[in-house]
Amino acid sequence: MRFRHPDGSTVHLAYCTNVHPAETLDGVLAQLRDHCEPVRRRLGRDRLGIGLWLARDAAHALVTDPSALRGLRTELEHRGLEVVTLNGFPYEGFGAEEVKYRVYQPDWADPERLAHTTDLARVLAQLLPDDVTEGSISTLPLAWRTAYDQERATAAHTALTTLAERLDALHELTGRSLRIGLEPEPGCTVETTRDALAPLTAIGHDRIGICVDTCHLATSFEDPHTALDALAQARVPIVKSQLSAALHAEHPHVSEVRAALAAFDEPRFLHQTRTLTAAGLRGTDDLGEALAGDALPDASPWRAHFHVPLHAAPAAPLTSTLPVLRAVLTRLVGGPHPLTHHLEVETYTWQALPPELRPRARAQLVDGIAAELTLARDLLTDLGLKELP
């Protein structure tokens, strides 16, 4: 979906296909047929943006087989779909029964991460629509915190510098300008936007910026205005923003609230949980850990890294951090000029919701994704942007 900003520039809105993960190219093609095109039709639009997630094997198949890449582009056009952004965070296995910490491997100190992201860039340069010259890729925020020392930090910074040089060369070769955005996430080396300032300033290349995920920002209790002001002051480019909402519990000490939270404690994904105390931010790596005994102070609200559907906040006594998303979006595209032109709804946890909330059929998932995009569209038009055909 495309929108015209009052300054005349185009803002792109997509939804991320990691909600229906596939490891192979055939699986990706099936996604387009079974999910993405039906979402477009459900919205009644001639064109729909998707943020592709390409696992290692799918990306490698595309970059090594020009005919396969041409075939994917043809399939996108045939189904009324377009790609200006990729989700390069998960490497493989995102559809496994248990993902948890594995999603952070390999990290930016490992050569496989550079090789994979280079493949993604080469693929995206060929998938961009003919009238679009700028693409974006989000990626993990360097590494998970526990195995990251100075030696690995140096290796990660070197890899990102090498990637920036490759993107420069790709621009010269294809005329397509691609940028990478580190996506701050709780528990990682770069947990908050403030954590991103030092490494991104040290790398100092405008092709390496930040992806602002509004669920992650809210989970870490970051103030949107403070965060975005700091990025602007440091001249860190906002490559893209993922529009998402976290799980919020206002009174986690109440037994009814804890029982409601327990329904979201599931085995597939990591749901980092945070609370803001007088002594600062406290947290656990997963929701179950927070609920076990006194691992996390419960005198103040809790937020959990669980991407809940944008249009459907959890039932009381829980809610979502949709107000944080609204505040971020207002700053990103509500001013005289957009701070980013790439927006992506990323709710990959539909099948991880409590059983009674999960879509039971493909059509229900299509309806849910369409409802999320409708909400995002309405937020954009309320800010003065005009939806384009």
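Look a little higher up for the structure.
Model, not experiment: these values are computed from the prediction.

### A closer look at the overall build of the protein chain
Right, on to step 1. In terms of helices and strands, the protein chain carries 12 helices and 15 strands.
Right, on to step 2. Since a compact globule built from 389 residues should have a radius of gyration of about 21 Å, the 20 Å found for the protein chain is in line with a globular shape.
Right, on to step 3. Projected onto its principal axes, the C-alpha coordinates of the protein chain cover approximately 55 × 50 × 45 Å.
Right, on to step 4. Every one of the 389 residues in the protein chain was classed for burial, and the buried ones make up 58%.
Right, on to step 5. When the accessible surface of the protein chain is totalled, it reaches about 15,200 Å², and 50% of it is carbon and sulfur.
Right, on to step 6. Looking at the protein chain, you have 37 positive and 52 negative side-chain charges, and the mean spots of the two groups are 5 Å apart.

### Focus: the sheet that holds strand β10 (residues 273-277)
Right, on to step 1. Spatially, β11-β10-β12-β9-β13 is the arrangement adopted by the five strands of the open sheet, whose pairing is antiparallel. A strand with exactly one partner marks an edge of an open sheet, and here the two such strands are β11 (280-284) and β13 (318-320). Going from strand to strand, the sheet's axes swing by 30° on average, the running direction of each strand aside.
Right, on to step 2. Relative to β11, β10 runs antiparallel, the two being bridged by five bridges. Across the sheet, residue threonine 273 finds its bridge partner in β11, namely threonine 284.

### As for the pattern of salt bridges
Right, on to step 1. Tallying each qualifying case throughout the model produces 24 salt bridges.
Right, on to step 2. Close ionic contact of arginine 40 with glutamate 37 constitutes a salt bridge, the shortest N to O distance being 3.6 Å. Taken together, the residues span about one helical turn, with arginine 40 and glutamate 37 both in helix α1 (residues 25-43) at a distance of three residues. You'll find arginine 40 and glutamate 37 in the same group, each marked buried.
Right, on to step 3. For arginine 42, the salt bridge identified is with aspartate 367, shortest N-O distance 3.0 Å. Linking arginine 42 in helix α1 with aspartate 367 in helix α12 (residues 362-382), this pair joins segments that are 325 residues apart in sequence.
Right, on to step 4. If you follow the salt bridges from partner to partner, you end up with Glu37, Arg40, Arg41, Glu75 and Arg79 in one network.

### What to know about the packing of helix α6 (residues 193-203) against helix α8 (residues 224-233)
Right, on to step 1. Two numbers describe how α6 lies on α8: the axes approach to 9 Å, and their chain directions differ by 10°. In terms of orientation, α6 and α8 fall into the roughly parallel class. Across the interface between the two elements, Thr193, Arg194 and Leu197 from α6 touch Thr226, Ala227, Ala230 and Leu231 from α8.

### Topic: the pairing of strand β8 (residues 238-243)
Right, on to step 1. Most of β8 sits inside the fold, with six of its six residues counted as buried.
Right, on to step 2. In this structure, strand β7 (residues 208-213) lies alongside β8, joined through four bridges in parallel fashion. Looking across to β8, one finds that valine 212 is bridged to serine 241.
Right, on to step 3. The sheet contact formed by β8 and strand β14 (residues 342-345) spans three bridges and is parallel. Looking across to β14, one finds that serine 241 is bridged to leucine 343.

### Some points on the packing of aromatic side chains
Right, on to step 1. For the structure shown, the criterion picks out eight aromatic pairs.
Right, on to step 2. Measuring from ring centre to ring centre gives 5.3 Å for phenylalanine 94 and tyrosine 348, while their planes differ by 65°; the resulting arrangement is edge-to-face. With phenylalanine 94 in the loop between β4 (81-87) and α4 (111-127) and tyrosine 348 in the loop between β14 and α12, this residue pair connects regions lying 254 residues apart in the sequence. Each member of the pair, phenylalanine 94 as well as tyrosine 348, is classed as buried.
Right, on to step 3. Here tyrosine 101 and tryptophan 144 contribute two aromatic rings whose centre-to-centre distance is 5.3 Å and whose plane-to-plane angle is 85°, an arrangement assigned as edge-to-face.

### Observations concerning unusual backbone geometry
Right, on to step 1. Cis geometry is found at the peptide bond from glutamine 105 to proline 106, where omega equals -10°.
Right, on to step 2. By secondary structure assignment, the location of proline 106 is in the loop between β4 and α4.
Right, on to step 3. A cis amide bond links alanine 316 to the next residue, proline 317, at an omega of 15°.
Right, on to step 4. With respect to the element layout, proline 317 can be found in the loop between β12 (302-308) and β13.

Rules used in this analysis
- In every chain, residue numbers begin from 1 and rise along the written sequence.
- Per-residue local features of the predicted model are confined to residues with pLDDT of at least 70, and side-chain atom pairs are confined, for both listing and counting, to 80 or more; whole-chain, interface and lining totals are unaffected and use all residues.
- In computing side-chain values, all of the structure's heavy atoms are included and hydrogens and water are not.
- Counting from the N terminus, the helices are DSSP H or I runs at least four residues long and the strands are E runs at least two residues long.
- Radius of gyration here is computed from C-alpha atoms only, and the compact-globule reference equals 2.2 Å multiplied by the residue count raised to the power 0.38.
- To sort residues, take the accessible area from a 1.4 Å probe on protein chains only and compare it with the maximum for the residue type: under 20% means buried, over 50% means exposed, and anything in between is partly exposed.
- In this description, accessible areas are obtained by the Shrake-Rupley approach with a 1.4 Å probe, and a residue is regarded as covered only by the protein chains that are shown.
- Charge assignment: positive for Lys and Arg, negative for Asp and Glu; neither His nor the chain ends contribute.
- For the purpose of locating charges, the reference atoms are NZ of Lys, CZ of Arg, CG of Asp and CD of Glu.
- Any two strands are treated as partners once DSSP identifies two or more bridges connecting them.
- Structural elements are reduced to axes, namely lines fitted to C-alpha atoms, with helices fitted over the stretch in contact, and the angle between N-to-C directions of any two is expressed from 0 to 180 degrees.
- The term salt bridge refers to a pairing of a side-chain nitrogen on Lys or Arg with a carboxyl oxygen on Asp or Glu at a separation within 4 Å.
- Should an angle fall under 35 degrees it is taken as roughly parallel, and over 145 as roughly antiparallel, whereas 65 to 115 is taken as roughly perpendicular and any remaining angle as oblique.
- Throughout, a contact is declared for two residues whenever any of their heavy atoms are within 4.5 Å.
- Two rings belonging to Phe, Tyr or Trp (six-membered ring only in the last case) form a pair when the distance between their centres is within 6.5 Å. Interplanar angles under 30 degrees mark stacking, angles over 60 mark edge-to-face geometry, and anything in between is tilted.

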